[in-house]
Amino acid sequence: MTPREVAALLAYVVRLDPRLTLDDPAAAADRLTQWADLLSDVPATAPGWDAARVARDHIARSPYRIQPSDVSRPWHTHKADQLGRHVGTFEPTAHPHLDPDDVEGYRRALAAERHAIAIGQQAPTTHRAITAGPAAAEVERRLAQLGTYMPRTVAQTLATYRPHRAERERLARADAPDPLTVACTWCAAPEGEPCRGRAVNPRNEQTRHRPRSKPHPCRIEDATAAHLARRNAQETSA
Ligand SMILES: [Zn+2]
């Protein structure tokens with residue numbers, strides 16, 4: 001909160017609890033300085049947060065005179081809760097400028113996003129999970145196939161360092177075609193491995209294969225066809 005916002009908050013709490021009235025202007029100025037300092041990292045409003053409401057609720061519930069900590073403590077709890085709910089992975093639609101293999105870029109964007117949530121400028125992203133029906137069973141099957149050798153929360157933290165795997169898990173959760181479930185007929189990358197591109201070293205002219213961030217288009221087509229065939233087979237048997 002800016003000193004101006006803190007002054008407005010103080011005026012509001014004094015109106016709700018007249019015991020807080022200070023007749024001495026110097027004492028009032030001291031109190032404003034103290035509150036402004038202690039609440040400088042607490043926003044006035046943020047998604048799911050309103051400092052004035054928190055102050056009001058405290059005055060309504062507690063017999064004790066309100067302190068700056070009665071506003072800052074709930075804010076830190078709220079912030080921790082928001083960060084805890086944030087999945088920490090990226091929807092490509094929200095970050096169209098990011099290259100999935102640009103680990104540094106992902107790391108910076110993740111840090112920026114967490115910071116924005118921490119200071120209340122952004123609401124957390126939570127996945128809309130598919131929770132029921134044959135689609136949910138298919139999602140579970142695919143996630144099981146990818147293997148969960150670490151808790152989901154750890155996997156989410158590591159997602160930025162493992163963009164290929166994060167992308168596969170995202171596709172599985174969305175029940176969308178995963179190109180890596182089929183081999184690539186263009187570069188011969190086997191099932192489960194990313195497509196490769198050729199890189200020629202200009203000094204010794206040796207050819208090297210590098211994993212590509214994006215699968216070859218024919219592989220996407222093949223995977224989509226396989227996905228639809230599996231979907232149709234499920235619907236026929238259901
Ligand atoms: Zn390929």
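Residues numbered from 1 in each chain as written. Predicted model: local features only at pLDDT ≥ 70, side-chain atom pairs only at ≥ 80, totals over all residues. Heavy atoms only, no water.

This part takes up the overall build of the chain. Helix and strand counts for the chain come out as nine helices and four strands. Traced from its N-terminal end to its C-terminal end, the chain shows the element sequence α-α-β-β-α-α-α-α-α-α-β-β-α. Among the 238 residues that make up the chain, the fraction classed as buried is 34%. For the chain, the accessible area works out to roughly 14800 Å², and carbon and sulfur atoms hold 55% of it. (Helix = DSSP H or I, 4+ residues; strand = E, 2+ residues; numbered from the N terminus. Buried < 20%, exposed > 50% of the residue type's maximum accessible area, 1.4 Å probe, protein only. Areas by Shrake-Rupley, 256 points an atom, 1.4 Å probe, with all protein chains shown as cover.)

What follows deals with the packing of helix α1 (residues 3–16) against helix α2 (residues 25–38). Following both chains from N to C, one finds α1 and α2 inclined at 115°, their axes separated by 9 Å at the closest point. In the packing of α1 onto α2, the handedness of the crossing is right-handed. Counted together, Pro-3, Val-6, Ala-7, Leu-9, Leu-10 and Val-14 of α1 and Arg-31, Leu-32, Trp-35 and Ala-36 of α2 form the full contact between these two elements. (Axes fitted to C-alpha atoms, helices over the stretch in contact; angles between N-to-C directions. Left-handed = near helix turned anticlockwise from the far one by under 90°. Contact = heavy atoms within 4.5 Å.)

Bound to the zinc ion are the protein donor atoms Cys-184 (SG), Cys-187 (SG), Cys-195 (SG) and His-216 (ND1), situated 2.0 to 2.3 Å from the metal. Each of the four donor atoms around the zinc ion contributes to a set of angles spanning 103 to 116°, which defines the coordination as tetrahedral. Spacing between the donor residues of the zinc ion along the chain follows C-x2-C-x7-C-x20-H. (Donors = N, O, S within 2.8 Å, 3.2 Å for Na, K, Ca; no water. Tetrahedral: all angles 85-135°; square planar, octahedral: opposite > 155°, others 65-115°.)

Turning our eyes to something else, we now look at the pairing of strand β3 (residues 196–200). In β3, alternate side chains face the same way, and those of Gly-197 and Ala-199 are buried while those of Arg-196, Arg-198 and Val-200 on the opposite face are not. Summarising the sheet, β3 and strand β4 (residues 207–211) pair through five bridges and their orientation is antiparallel. Note on β4: the bridge partner recorded for Val-200 is Thr-207. Between β3 and β4, which pair antiparallel one after the other, the connecting turn spans six residues, and Glu-205 there sits at a positive phi close to 55°. (Pairing = 2+ DSSP bridges.)

All we've got here are geometric facts, nothing functional implied.
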